[in-house]
Amino acid sequence: MNLLNFYDNPRIRRAISRIADPRRVRILFVCLGNICRSPAAEGLMRQSVAENSTEERWIIDSAGTGGYHIGQLPDPRMRAHARRRGLELDHRCRQVSESDFDDFDLIIAMDNSNYSNLRRLAPSPEAQEKILQMAEFFDSVTSCDHVPDPYYDGADGFELVLDLLTAATRNLRDTVEANSLA
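Remember, it's a predicted structure, so these values are computed and weren't measured experimentally.

The rules behind the values
- Residues numbered from 1 in each chain as written.
- Predicted model: local features only at pLDDT ≥ 70, side-chain atom pairs only at ≥ 80, totals over all residues.
- Heavy atoms only, no water.
- Buried < 20%, exposed > 50% of the residue type's maximum accessible area, 1.4 Å probe, protein only.
- Helix = DSSP H or I, 4+ residues; strand = E, 2+ residues; numbered from the N terminus.
- Pairing = 2+ DSSP bridges.
- Right-handed = clockwise from strand over helix to strand, strands pointing away.
- Axes fitted to C-alpha atoms, helices over the stretch in contact; angles between N-to-C directions.
- Contact = heavy atoms within 4.5 Å.

Draft legend 1. Spatial organisation of the pairing of strand β2 (residues 58-64). Counting buried positions along β2 yields 6 of 7 residues, so the element is predominantly enclosed. In the sheet, strand β1 (residues 25-31) pairs with β2 via 7 bridges, with the strands oriented parallel. Directly across from Val25, in β2, lies its bridge partner Trp58. Between β1 and its parallel partner β2, the chain crosses via helix α3 (residues 37-52), and the hand of that crossover is right-handed.

The structure is reproduced here in structure tokens:
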């Protein structure tokens, strides 16, 4: 997909244009428990940036809207599937806090429920402008409209999530790179 297509989305354009310091991009990925989808997105984004960008420019983290797994490593199944792709997920799960809305430029929700929860948690309309959905960066060839939670699915669910997030984090990185310094 052409990068300009992502940037043509007014919500994406507005969020990227509000990055506080274009030399330092701060991104937070968010799912429910911070044990499957958001740590995978964090790891894939780190990998993508390391391979294709200036790593020092990026601050990347993940969190959950729920506090179920605070301090734990990501789900062992997600870690195993990620490891097969050369990705080590060593993030310690944490819950989203109000300070995250000050500490991050872009807050990326994995699904509609987490998007709604984040909008409720946002302390201001300006903070709400930072919240985007990961699906907004999906390649056009997918039939998914969110990153599905693989927690209760088998191996195919984890592989689908990793496939979706690999493409989406690449698209996010490319869109920010192409437009935040413009």
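Draft legend 2. Seen up close, the sheet that holds strand β4 (residues 131-133). Taken together, the 4 strands give an open sheet; going across it, the order is β2-β1-β3-β4, and neighbouring strands pair in parallel fashion. Sheet topology places β2 and β4 at the edges, where each strand pairs with a single neighbour. In this sheet, neighbouring strand axes are inclined to one another by 25° on average, regardless of whether the strands run parallel or antiparallel. Two elements, β1 and strand β3 (residues 106-109), share 4 bridges in a ladder whose sense is parallel. Following the sheet pairing, Val30 is matched in β3 by Ala109. Here helix α2 (residues 10-17) sits on the sheet in contact with β3 and β4, set at roughly 140° to β4. Packed onto the sheet, helix α8 (residues 155-179) meets β1, β2 and β3 and runs at close to 155° relative to β1.

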